[in-house]
Amino acid sequence: MTDPETTSSYGAETVREATLEDAEAIHALARDLADALGDHRPRREAVRARLGELLEEPRARVLVAEGEDGVVGAANLWIKPDLAHGDSVLEVPMLVVSENVRRRGVGKLLVEEIQSIAAAENVALIELVATRENDAARAFYRSLGFVETEHIALEYIGDVQNPPDPEE
């Protein structure tokens, strides 16, 4: 981890690995993100279960940004082998900052920690996930020097229990 007393304009922040005790705060952040994107809100027990799984997964990390108001940001990441790039890639499927502290450097602290992990793990690139409709996240990532690509233009979601009939 990088310097644990990194500061943002919000105040003294600590970015640290999450623990199971952070499940409630991460659930609140994930719920806020779902609301902002018009997505389905995750269930509290599902977030707790997934957090437990991620904390046990050697290629995954869950980070939280903590300030004077408690946990105000979170990110989860995967370090995955990627045949398309012939190397390891660090994917960030979720990065969220509490609405009341956005634009104060908390997200930047999380990204800096992610970049530090990427360097330590010697990954080839960082893939940040944002929906097309999430203009704020896309602008934020661009402001940090990330380049938006058209490589993933659509996300396909299917029901695992009832796959679509290819004849339809």
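None of the values given here were measured: they were computed from a predicted structure.

Conventions and cut-offs
- Residues numbered from 1 in each chain as written.
- Predicted model: local features only at pLDDT ≥ 70, side-chain atom pairs only at ≥ 80, totals over all residues.
- Heavy atoms only, no water.
- Helix = DSSP H or I, 4+ residues; strand = E, 2+ residues; numbered from the N terminus.
- Buried < 20%, exposed > 50% of the residue type's maximum accessible area, 1.4 Å probe, protein only.
- Areas by Shrake-Rupley, 256 points an atom, 1.4 Å probe, with all protein chains shown as cover.
- Pairing = 2+ DSSP bridges.
- Axes fitted to C-alpha atoms, helices over the stretch in contact; angles between N-to-C directions.
- Contact = heavy atoms within 4.5 Å.
- Salt bridge = Lys/Arg side-chain N within 4 Å of Asp/Glu carboxyl O.
- Phe/Tyr/Trp six-rings, centres within 6.5 Å; stacked < 30°, edge-to-face > 60°.
- Core = buried A, V, L, I, M, F, W, Y, C linked by side-chain atoms within 4.5 Å.

## Focus on the overall build of the protein chain
Next, step 1: Tallying secondary structure elements over the protein chain gives four helices and seven strands in all.
Next, step 2: If you list the helices and strands of the protein chain from N to C, you get β-β-β-α-α-β-β-β-α-β-α.
Next, step 3: Burial analysis of the protein chain (168 residues in total) assigns 35% to the buried set.
Next, step 4: Total accessible area on the protein chain stands at roughly 10,700 Å², and carbon and sulfur atoms take up 50% of it.

## Remarks on the sheet that holds strand E3 (residues 14-17)
Next, step 1: Taken in spatial order, the five strands of this open sheet run E3-E4-E5-E6-E7, and their pairing is mixed. Strand pairing shows two members of the sheet lacking a second neighbour, E3 and strand E7 (125-128), which therefore form its edges. Direction aside, neighbouring strands of the sheet carry axes that sit 25° apart on average.
Next, step 2: Along the sheet face, helix H3 (residues 106-121) touches E3, strand E4 (60-67), strand E5 (70-82), strand E6 (87-97) and E7 and points at about 165° away from the line of E6.

## Some remarks on the pattern of salt bridges
Next, step 1: What the rule picks out here adds up to 13 salt bridges.
Next, step 2: In this structure, Arg 61 engages Glu 17 in a salt bridge whose closest nitrogen and oxygen atoms are separated by 3.5 Å. One end of the pair, Arg 61, is in strand E4; the other, Glu 17, is in strand E3, and 44 residues separate them in sequence.
Next, step 3: Judged by its relative accessible area of 31%, Glu 17 is partly exposed.
Next, step 4: A salt bridge links Arg 41 to Asp 35; the shortest N-O distance between them is 2.7 Å.
Next, step 5: Asp 35 sits in the partly exposed class, given a relative accessible area of 40%.
Next, step 6: Among the charged side chains, a salt-bridge network with shared partners connects Asp 135, Arg 138, Arg 142 and Glu 148.

## Some points on unusual backbone geometry
Next, step 1: Phi is positive for Asn 122, close to 55°, though the residue is something other than glycine.
Next, step 2: In this fold, Asn 122 is placed in the loop between H3 and E7.

## Here's the deal with the packing of aromatic side chains
Within a pair of aromatic rings, the relevant descriptors are the distance that separates the centres and the angle that separates the planes.
Next, step 1: Counted by the stated rule, this structure contains two aromatic pairs.
Next, step 2: Centre to centre, the rings of Phe 140 and Tyr 141 are 5.5 Å apart; their planes meet at 50°, and the pair counts as tilted.
Next, step 3: Under the relative-accessibility criterion, Tyr 141 is labelled buried at 8%.
Next, step 4: Seen from their ring centres, Tyr 141 and Phe 146 are 6.4 Å apart, and the 75° between their planes marks the pair as edge-to-face. Each member of the pair, Tyr 141 as well as Phe 146, is classed as buried.
Next, step 5: Among the aromatic side chains, those forming a connected cluster through ring pairs are Phe 140, Tyr 141 and Phe 146.

## So, the nonpolar core
Next, step 1: Formed by 23 residues in total, the largest nonpolar core has its most connected members in Leu 63, Leu 77, Leu 90, Leu 95, Leu 110 and Ile 114.
Next, step 2: Counting only elements with at least two residues in this core, the list comes to E4, E5, E6, H3 and helix H4 (135-143).
Next, step 3: Considering every element that reaches this core, the biggest residue donor is H3, with seven residues.
Next, step 4: In contact with Leu 95, other than residues within four places in its own chain, are Ala 74, Ala 75, Gly 107, Leu 110, Val 111, Ile 114 and Tyr 141.
Next, step 5: One finds Ala 23, Val 47, Val 62 and Val 96 within the second-largest nonpolar core, a separate group that totals 16 residues.

## Quick notes on the pairing of E5
Next, step 1: Taken together, the eight bridges between E4 and E5 define a ladder with antiparallel strand orientation. By the bridge assignment for E5, Val 62 is matched with Asn 76.
Next, step 2: Counted along the chain from E4 to the antiparallel partner E5, the turn is two residues long.
Next, step 3: In this structure, E5 lies alongside E6, joined through nine bridges in antiparallel fashion. Along E6, the bridge assignment pairs Ala 74 with Val 96.
Next, step 4: The turn joining E5 and E6, which pair antiparallel and follow one another in sequence, is formed by four residues; a positive phi near 70° is taken by Gly 86.

Shape is all these values report; function is a separate question.
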